[in-house]
Amino acid sequence: MHSPGVAQRLALGLMDTFQSMNEFQVLVFCGTVVLLAAWAAWWYTKFKFMPIQHPREPNEMPYLIPSKAQSVQREYPSWWSVANMIHRNSVGVDKSPFAFTIFGTKFYVISDPKHAKEVDKNNGTLSFDEFIFDFVKSTGVSDEGMQACYFKKLPEHGVDFPNPSEDPIGVLVRHMHVHQLHPGDNQKNVEKRFLHSFDRDLQIDRIRNSTVISNDAVEISLYKWCGDFFTRAGEYAYFGDTLAGIDDKFSDMFYIFDELSWQITYKIPGIFAGEMKAAHAHLCQSLKLYFQTRQSERGEQAWFTNAAEKGLRSVGVTDEDIATLFLTIYLTINTNTRRAAFWMLTFLLYNPHLIEAVLGETKAAFDAGKLIDPAYLSNHELCPQLESIWLETLRATSTGASVRCVNKDTIIGGRLLRQGNKILIPSRLLHLDGDAWGKSTREFRPKRFLSKKNSARGGSWRPFGGGSTLCTGRFVAEHMIKACVTMILHRFHLQIVGDAALPMGDECTPGLGIMGITQDEDFKVRITKRAL
Ligand code: HEM
């Protein structure tokens, strides 16, 4: 006689267990077995069988729970986490579009720059408007305001701005902003106003919320300082001094709001988003007072602010809704610049030899700490180090993404993307791709751009998005960030307080472009006036 095999022993064990169970326990046991079998059948069909049946569709990243009912929020996935989990910095991996489903919505992820270009060019079957509409609504614009902004056609000559397609005012405001930032006199005017504000605020005795060390030195958190002077510059450029006159805490409240504004995107219920909601309400109230101030009593403001307000009023949008809409615009102008300036200064502080290089090559643009030739800084031939530091800073710290809705079945990267799903192009996937950037893609190495100048122009560098939603403020951003960083270097000596390590970026909190830092990564700098 031979001893029983594994299967036999398992069966005997099971029979023993069954015999010792009461009726209820048997019921629970059988129920669990049926559920597990059903789950295994679902999982196998979805992730093994379906891909064989539909080979043209992108492979789906397996997930565990087969429910479409987990709609805590429906539209946006935690793609930050997903992108970081699967980021492809190894060389030569397959970059076909792939899919994942989160909270019942299927997203196709694009990680090949060639495929990103296909998406950018497609304005026929892919669209973005749904996302803007959804975001604006989440900020609290009333139903009447949404109707007036996005569903009411505006006659061609309804406002003092070309509108041949009779677009609603919400769409036209976007075009007006493009017009304001388009290279030329309008853009130069905005930049002049930014520079005026930097010139005013970048003085030792005007560094707000700092600890005074002596007449010539203060200490402050670098992250908060960049947030302060850059936000105030953006505010001055668009609203003049009037908004700060109405509410001198506006930029401070904006900082609180901006750090938490991802809660709007994620539709976090009000009871868990109290601080963000309170800051939002405060800012909207101050903006409302601004728009209730008569035009003649406001100081100089940007052309766009005036034109957009007039357009919105012409279709009956209320003061409350104008204020709420302008807070989103204020966010777009200010959220990324303050962070990019912080990162650029941080990388310079942790690589002091680069400070010397930048000071040397930008000397001719300054006279006794005053920026006399801003255009000089953007001349790549004259300032190659500055250019490479700028490009590498954005590569290393960008966590934005372009998003599109698939309105009709569409082929991208040879794969069939189905109508009703969404597309994501996370810049982080492209920026950490070893095929494009070589080794150590997580490290700050501006030399990449010195030795391979064209990298920035290839599709693998995408901090400003692309296609129809390409950032319209990208030139202003480049010029102004280079200007304030070099102005700081020419005016001050910066020293890290203590032995703080290079801060880690916050890759998990969703953002609109450049990553922030978590609170415990913040560090202080001592700022001392340079002898001129
Ligand atoms: C380093 C600074 C900046 C970064 C990294 C940045 C990044 C971005 C990104 C990723 C988008 C979305 C692109 C997409 O969906 O494909 C965007 C859109 C936009 N940005 Fe920027 N941005 C910056 C600075 C600015 C500035 C200074 C302004 C204005 C003065 C501005 C105005 C806009 C506008 C108006 C849009 C919306 C474009 C549209 O859909 O009509 N940005 N930006």
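Residues numbered from 1 in each chain as written. Predicted model: local features only at pLDDT ≥ 70, side-chain atom pairs only at ≥ 80, totals over all residues. Heavy atoms only, no water.

Q: I'd like a rundown of the overall build of the chain, residues and numbers included.
A: For the chain, the count of helices and strands is 22 helices and 14 strands. Projecting the C-alpha coordinates of the chain onto the three principal axes gives extents of approximately 100 × 60 × 45 Å. The buried share of the chain, reckoned over its 532 residues, is 50%. Put simply, of all contacts in the chain between residues at least 6 apart along the chain, 72% involve residues at least 24 apart. Once the 59 positive and 58 negative side-chain charges of the chain are each reduced to a mean point, those two points are 5 Å apart. (Helix = DSSP H or I, 4+ residues; strand = E, 2+ residues; numbered from the N terminus. Buried < 20%, exposed > 50% of the residue type's maximum accessible area, 1.4 Å probe, protein only. Contact = heavy atoms within 4.5 Å. Lys, Arg positive; Asp, Glu negative; His and termini not counted. Charge placed at Lys NZ, Arg CZ, Asp CG, Glu CD.)

Q: Describe the side chain of D319, listing the residues and the values that go with them.
A: Residue placement: D319 occurs in helix α15 (residues 319-349). Polar contacts involving the side chain of D319 include one to the side chain of R313, which spans 2.7 Å. Apart from the residues lying within four places of it in its own chain, the contact partners of D319 are K288, Q292 and R313. (Polar contact = N/O pair within 3.5 Å; in protein donor to acceptor, adjacent residues only side chain to side chain.)

Q: Talk me through the coordination of the iron atom of the ligand; I want residue IDs and the actual numbers.
A: No other protein atom reaches the iron atom of the ligand as a donor apart from C471 (SG), found 2.3 Å away. In this structure, C471 sits in the loop between α21 (447-451) and α22 (474-491). (Donors = N, O, S within 2.8 Å, 3.2 Å for Na, K, Ca; no water.)

Q: Explain the nonpolar core residue by residue, including any values.
A: By size, the foremost hydrophobic cluster in this structure holds 126 residues, and its most contacted members are F194, F198, L222, W225 and I527. Looking at this core, the element that brings in the most residues is α15, giving 18 residues. When residues of this core are assigned to domains, at least three fall in each of domain 1 (57-140 + 401-445) and domain 2 (176-400 + 463-529). If near-sequence neighbours (up to four positions away) are discounted, F194 is found in contact with F230, A233, G234, A237, I333, V476 and M480. Listed in part, the 12 residues of the second largest apolar core include A99, I110, V119 and L430. (Core = buried A, V, L, I, M, F, W, Y, C linked by side-chain atoms within 4.5 Å. Domains from an automatic or database assignment.)

Q: Go over helix α14 (residues 303-314) with me, naming the residues and quoting the values.
A: Over its 12 residues, α14 runs 17 Å from end to end, which matches the ideal 16 Å to within 8%, given 1.5 Å per residue. Buried within α14 are the following residues: F304, T305, A307, A308, E309, G311 and L312. Those residues of α14 that are buried lie in contact with α6 (143-150), α7 (169-181), α9 (222-239), α13 (274-292) and α15. A positive backbone phi angle near 85° is found at G316, which sits one or two residues after α14. (Expected span 1.5 Å × (residues − 1).)

Q: Quick rundown of the domain arrangement of the chain? Include the residues and the values.
A: Examined at the domain level, the chain breaks down into domain 1 (57-140 + 401-445) and domain 2 (176-400 + 463-529). Contacts between domain 1 and domain 2 engage 33 residues on the former and 35 residues on the latter. Buried surface at the junction of domain 1 and domain 2, both sides included, amounts to about 2,800 Å², of which 55% is carbon and sulfur. Linking domain 1 to domain 2 there are 3 salt bridges. The closest approach of N and O atoms between E507 and R442, which form a salt bridge, is 2.7 Å. For the pair domain 1 and domain 2, the number of links is 13 residue pairs in polar contact (both at pLDDT 80 or more). Per-element tally for the side of domain 1 that touches domain 2: the top contributor is helix α5 (residues 129-138), with 4 residues. Looking at the side of domain 1 that touches domain 2, its residues break down into 14 nonpolar, 11 polar and 8 charged. (Buried area = accessible area lost by both parts, 1.4 Å probe. Salt bridge = Lys/Arg side-chain N within 4 Å of Asp/Glu carboxyl O. Nonpolar A, V, L, I, M, F, W, Y, C, P; charged D, E, K, R; others polar.)

Q: Which residues make up a nonpolar patch on the surface, and what values do they have?
A: A cluster of nonpolar side chains, contributed by L14, F18, F29 and V33, occupies part of the molecular surface with about 310 Å² of accessible area. Secondary-structure elements contributing two or more residues to the nonpolar patch are α1 (6-20) and α2 (23-53). Tracing the sequence through the fold places L14 in helix α1. Among the residues examined, L14 registers a relative accessible area of 40% and is labelled partly exposed. (Patch = residues over 30% accessible without salt bridge, like charges linked within 9 Å, V, L, I, M, F, W, Y side chains within 5 Å. Areas by Shrake-Rupley, 256 points an atom, 1.4 Å probe, with all protein chains shown as cover.)

Q: Could you give an account of the site of the ligand, with specific residues and numbers?
A: Close to the ligand lie 22 residues, the nearest being R174, S402, T469, C471 and T472. S402 places a polar side-chain atom, nitrogen or oxygen, 2.8 Å from an oxygen atom of the ligand. One of the side-chain nitrogen or oxygen atoms of T469 is found 2.8 Å away from an oxygen atom of the ligand. Broken down by secondary-structure element, the contributors of at least two residues to the shell around the ligand are α7, α15 and α22. Grouping the amino acids of the shell around the ligand by side-chain chemistry returns 11 nonpolar, 10 polar and 1 charged. (Near = heavy atom within 4 Å.)

Q: Break down the sheet that holds strand β5 (residues 211-214) for me, citing the residues and quoting the values.
A: Taking strand neighbours across the sheet as the criterion, the 4 strands line up as β5-β6-β14-β13 in an open arrangement whose pairing is antiparallel. The open sheet terminates on both sides in strands that have one partner only, identified here as β5 and β13 (492-496). Taken pair by pair, the neighbouring strands of this sheet meet at an average axis angle of 25°, ignoring direction. Where strand β6 (residues 217-221) meets strand β14 (residues 524-529), 5 bridges bridge the pair, whose relative direction is antiparallel. From the neighbouring strand, E219 faces β14, where its bridge partner is R526. Taken strand by strand, α9 contacts β6, β13 and β14, and its axis lies near 95° from that of β6. (Pairing = 2+ DSSP bridges. Axes fitted to C-alpha atoms, helices over the stretch in contact; angles between N-to-C directions.)

Q: Report on the confidence of the model for the chain, specifying residues and quantitative values.
A: Note: predicted coordinates in regions of low pLDDT should not be interpreted at a detailed level. In the predicted model, the chain carries a mean pLDDT of 89, and the fraction of residues at 70 or more is 92%. In the predicted structure, residues 67-78 sits below a pLDDT of 50 and forms 26 contacts with residues beyond four places in sequence or in another chain. Contacts for the low-pLDDT stretch residues 87-91, under 50 throughout, to residues beyond four places or in other chains number 21 contacts. (pLDDT = per-residue confidence, 0-100.)

Q: Tell me what's going on with the sheet that holds strand β9 (residues 401-406), and back it up with residues and numbers.
A: Taken in spatial order, the 6 strands of this open sheet run β1-β2-β3-β12-β9-β4, and their pairing is mixed. Edge positions in the open sheet fall to β1 (59-60) and β4 (126-127), since each of these has one partner strand only. In this structure, β1 lies alongside strand β2 (residues 98-102), joined through 2 bridges in parallel fashion. Bridge pairing in β2 links N59 to F98.

Q: I'd like to hear about the side chain of D112, residue by residue, with values.
A: Tracing the chain through its elements places D112 in the loop between β3 (105-109) and α4 (113-121). Within the structure, D112 has its side chain in polar contact with the backbone nitrogen of K114 (distance 2.8 Å). Beyond its immediate stretch of four places on either side in the chain, D112 contacts K95 and L430.

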